[in-house]
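Listed below are the residues making up each chain.
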Amino acid sequence: QKAKISSLRNVLKDLDKTGNLISEYYHDTLILYDNSQIYELFKPLFSQVADDKEDYSQLGIPFVYFRDQSKKNEEGVIVGQYSGLYDTIFIYSDASQISTIYHEIAHTIYQRFFAENANNKQVWSDIYKDLKQKNLLSTSYGYESEIEGFAEEYAVYKTNGNPNQRSDVKSVFSQLDAALR
């Protein structure tokens, strides 16, 4: 997988040389923008993420790609997407909030710290089940699944979007942030 990711990075860097993409690095993660308009739109949002104390590139995200594309499915507009195959993140042109970036990063965090660790997964499963039963999830999308609940709660945590977010949720996320420093 590392060889494939390296090859993909090289192809994307070559595209940049032809003027089709704007690229930069955030630590070890390649950040791609489809064009100058997308760069102007998303660079300020990603700069806020890059200014965090946490180094999300430690998660092994090979690239984050800001696309000049609107994406929809039967449920509506898709603003971001995590691809578990290569741990890549795509942010689409309809996204307008930093929470979308944090939401997609949270999918990678979940993969690294929860999906592959039964004890951690059980901790989140128990918290999620309780939040859902008590109707305390921070967003309606969080009710879709345990993983989406995790991603939504993390995004809300990072943006201080819910002053009533439970302390056990904040505790889990503050421990994760500490591990990424």
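Just above, that's the structure.
Keep in mind the model is a prediction, meaning the values are calculated, not measured.

A.B. asks: Looking at this model, I keep getting lost on unusual backbone geometry. Mind explaining?
C.D. replies: When glycine is set aside, most residues are seen to have a negative phi, and most peptide bonds are trans. Even without a glycine there, the phi angle at His27 is positive, about 50°. As for its position among the elements, His27 is in the loop between strand 1 (22-26) and strand 2 (29-33). The phi dihedral of Asn160 is positive, around 55°, even though this residue is not glycine. Mapped onto the elements, Asn160 comes out in the loop between helix 5 (146-159) and helix 6 (167-179).

A.B. asks: I'm lost on the packing of helix 4 (residues 118-133) against helix 5 in this one. Help?
C.D. replies: Pairs of packed helices are described in terms of their axes, by the angle between the two and the distance that separates them. At their nearest, the axes of helix 4 and helix 5 sit 10 Å apart, and the two run at 85° to each other. When the axes of helix 4 and helix 5 are compared, the pair comes out roughly perpendicular. Between helix 4 and helix 5, the contacting residues are Lys121, Trp124, Ser125 and Tyr128 on the first element and Glu146, Gly149, Phe150 and Glu153 on the second. Broken down by class, the residue content of the contact of helix 4 with helix 5 amounts to three nonpolar, two polar and three charged.

A.B. asks: How do you make sense of the environment of Ile98 when you look at a structure like this?
C.D. replies: With respect to the secondary-structure elements, Ile98 resides in helix 3 (residues 98-115). It is 8.0 Å that separates the C-alpha atoms of Ile98 and Gln48, two residues lying 50 residues apart in sequence. Beyond its immediate chain neighbours, meaning those up to four positions away, Ile98 contacts Leu45, Gln48, Val49 and Thr159.

A.B. asks: How should the sheet that holds strand 6 (residues 80-83) be read in this particular structure?
C.D. replies: Backbone hydrogen bonds are what pair the strands of a sheet, in a parallel or an antiparallel way. The strand order across the open sheet built from five strands is 1-2-3-7-6, with neighbouring strands paired in mixed fashion. Single-partner strands in this sheet number two, and they are strand 1 and strand 6. Looking at each pair of strands side by side, their axes are set apart by 15° on average, direction ignored. Strand direction decides the pairing type here: strand 6 and strand 7 (residues 88-91), joined by four bridges, are antiparallel. Bridge pairing links Gly80 to Ile91 in strand 7. Packed onto the sheet, helix 3 meets strand 3 (63-66), strand 6 and strand 7 and runs at close to 20° relative to strand 6.

A.B. asks: Honestly, the packing of aromatic side chains in this entry has me stumped. Any pointers?
C.D. replies: By convention here, two paired aromatic rings are described through the distance between centres and the angle between planes. Tallied over the full model, the rule gives 19 aromatic pairs. Both rings, one in Phe63 and one in Tyr65, keep their centres 6.5 Å apart while their planes meet at 70°; by these two values the pair is edge-to-face. Classification of Phe63 by relative accessible area gives buried; the value is 5%. The exposure class of Tyr65 is buried, given its relative accessible area of 11%. An angle of 10° between the planes, with centres 5.7 Å apart, marks the rings of Tyr110 and Phe114 as stacked. Of this pair, Tyr110 and Phe114 both sit in helix 3, four residues apart, roughly one helical turn. Ring pairs connect the aromatic residues Tyr110, Phe114, Trp124, Tyr128, Phe150, Tyr154, Tyr157 and Phe173, which therefore count as one cluster.

Conventions used here
- Residues numbered from 1 in each chain as written.
- Predicted model: local features only at pLDDT ≥ 70, side-chain atom pairs only at ≥ 80, totals over all residues.
- Heavy atoms only, no water.
- Helix = DSSP H or I, 4+ residues; strand = E, 2+ residues; numbered from the N terminus.
- Axes fitted to C-alpha atoms, helices over the stretch in contact; angles between N-to-C directions.
- Parallel < 35°, antiparallel > 145°, perpendicular 65-115°, else oblique.
- Contact = heavy atoms within 4.5 Å.
- Nonpolar A, V, L, I, M, F, W, Y, C, P; charged D, E, K, R; others polar.
- Pairing = 2+ DSSP bridges.
- Phe/Tyr/Trp six-rings, centres within 6.5 Å; stacked < 30°, edge-to-face > 60°.
- Buried < 20%, exposed > 50% of the residue type's maximum accessible area, 1.4 Å probe, protein only.

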